Amino acid sequence: MKFTPTLEFEGGRVRTLEASDRDALFAVYQQPEVPGQRPLEKPEQLDRMIELGVQMAATQRGMMWALELGSAAEGYQLVGQVSAFDWQPSWLKVTFRIDALPVADMNVRALALQACIDFMADKYHLRNFAWQWIEGQNEAIKEMLAAAGFTFAARLRQAWRIGENEWRDVEQYHKVLSVADNAVTSVAGNNEGESVQ
Amino acid sequence: MNWNYETTNFLIRLPISADDEESLFGLLKNPSASAHLPKSQLYTSVQTLDELRRATMRFQAREAATWLVERLTGSLEERAALAARITLTDINWMQASGRLQWELDESVTATELREILAAVEQFCFSDLALHRLELRMLPDADKHVALAGECGFQPEGVLPAQLEFEGQWVDHAVFGKLASDPA
């Protein structure tokens, strides 16, 4: 059973991870964007992650998509991964992150993120979407989050470990939707009132 | 590792499921003990027995720890009643962090809570080698928000719509304290 659908957006798509994505993902994880994360050493390390992605989706613990640029006519190129994790179905919330090559600019990431949010709001009725920005990450991510309707909620001091005795602050952003009649509408951030269903 | 310890005025100890059912119910049946948490009122001691059993399982899984706090001073009645329950949850051994939660008898003062928490924090930062402790509570629980500040926890923000309780979506105010924070 396929739990992770293909979602198209302008300039690309997200789709379920496949075993054959291993080498392309390995290239992505040679340039980790999260402070403290080291480049992967062997492509085989990703076999387990791809497998886990399917299991997580089946048990509603998380969902992982391959992020691709291109079009149906010209073909697609895998440039990253969108991950939904810490999924709490009872509380209708989930946390997102995107790991991608620099060629996936913030505009592309915002579109991919929005496509995934729309899907999870529609299919699973999730309404609270979180993102944790780690001190030292690309500052442009914050602008991307604002454009996607996320608002700053808290700065958790030294909540992210990058070494034996070294930590970084975590800024937590949320996009919270409200459910009204049959439409899911944003109540926070720049997309106020925008229908996503 | 010794999980039980004493301060000048308090014994802070792990619970014993078979023995602490009634005394814990005595503490928690008063809604003011957990007025800062989204939590349903308890109506019978069987509910606290269930909580104690779950606490034991989570402790054995190294996920959480629960301490009951007794007074070492005062009248017999005061010493027989529990002053507080302190819970350490969401322990993340990789990030070296955990979340503290208190439930207090109305008689516990800010000074006394500082004395209790100082011992708990010392244990968490030294014996458990945690680096960060966090409190989460209802943002409008003025008394407990003030207690968090008086106990040296810094406000870090408010996380929206963390759970639904009694038909309302509940925000959580977050407070943090680091092992490296000045005492």
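Located above this text is the structure these notes cover.
Residues numbered from 1 in each chain as written. Chains lettered and ligands numbered in written order. Predicted model: local features only at pLDDT ≥ 70, side-chain atom pairs only at ≥ 80, totals over all residues.

(A) Quick peek at unusual backbone geometry. One non-glycine residue, His125(A), lies in positive phi territory at about 60 degrees. Along the chain, His125(A) falls in the loop between helix H3 (106–124) and strand S6 (128–134). One non-glycine residue, Asp90(B), lies in the positive phi region at around 50 degrees. Within the element layout of this structure, Asp90(B) appears in strand S4 (residues 82–92). A count of 14 C-beta atoms within 10 Å places Asp90(B) in the partly exposed class. (Helix = DSSP H or I, 4+ residues; strand = E, 2+ residues; numbered from the N terminus. Buried ≥ 20, exposed ≤ 12 C-beta atoms within 10 Å, placed from the backbone.)

(B) View of the packing of H3(A) against helix H4 (residues 140–147) of chain A. All names here are of chain A. The N-to-C vectors of H3 and H4 enclose an angle of 40 degrees; their axes lie 9 Å apart at closest approach. Classified by the angle their axes make, H3 and H4 are oblique. Note on packing geometry: the crossing formed by H3 with H4 is right-handed. Mapping the contact onto sequence places Met106, Arg109 and Ala110 in H3 and Ala140, Glu143, Met144 and Ala147 in H4. Partitioned by chemical class, the residues of the contact of H3 with H4 number five nonpolar, no polar and two charged. (Axes fitted to C-alpha atoms, helices over the stretch in contact; angles between N-to-C directions. Parallel < 35°, antiparallel > 145°, perpendicular 65-115°, else oblique. Left-handed = near helix turned anticlockwise from the far one by under 90°. Contact = placed C-beta atoms within 7 Å. Nonpolar A, V, L, I, M, F, W, Y, C, P; charged D, E, K, R; others polar.)

(C) Focus on the nonpolar core. Core analysis: the biggest nonpolar cluster contains 96 residues, and Leu67(A), Ala112(A), Cys116(A) and Val69(B) have the highest contact counts within it. The leading source of residues in this core is H3(A), at 10 residues. Not counting chain neighbours up to four residues away, the residues in contact with Val69(B) comprise Phe10(B), Ile12(B), Leu82(B), Ala83(B), Ala84(B), Ile86(B) and Ile116(B). (Core = buried A, V, L, I, M, F, W, Y, C linked by C-beta atoms within 7 Å.)

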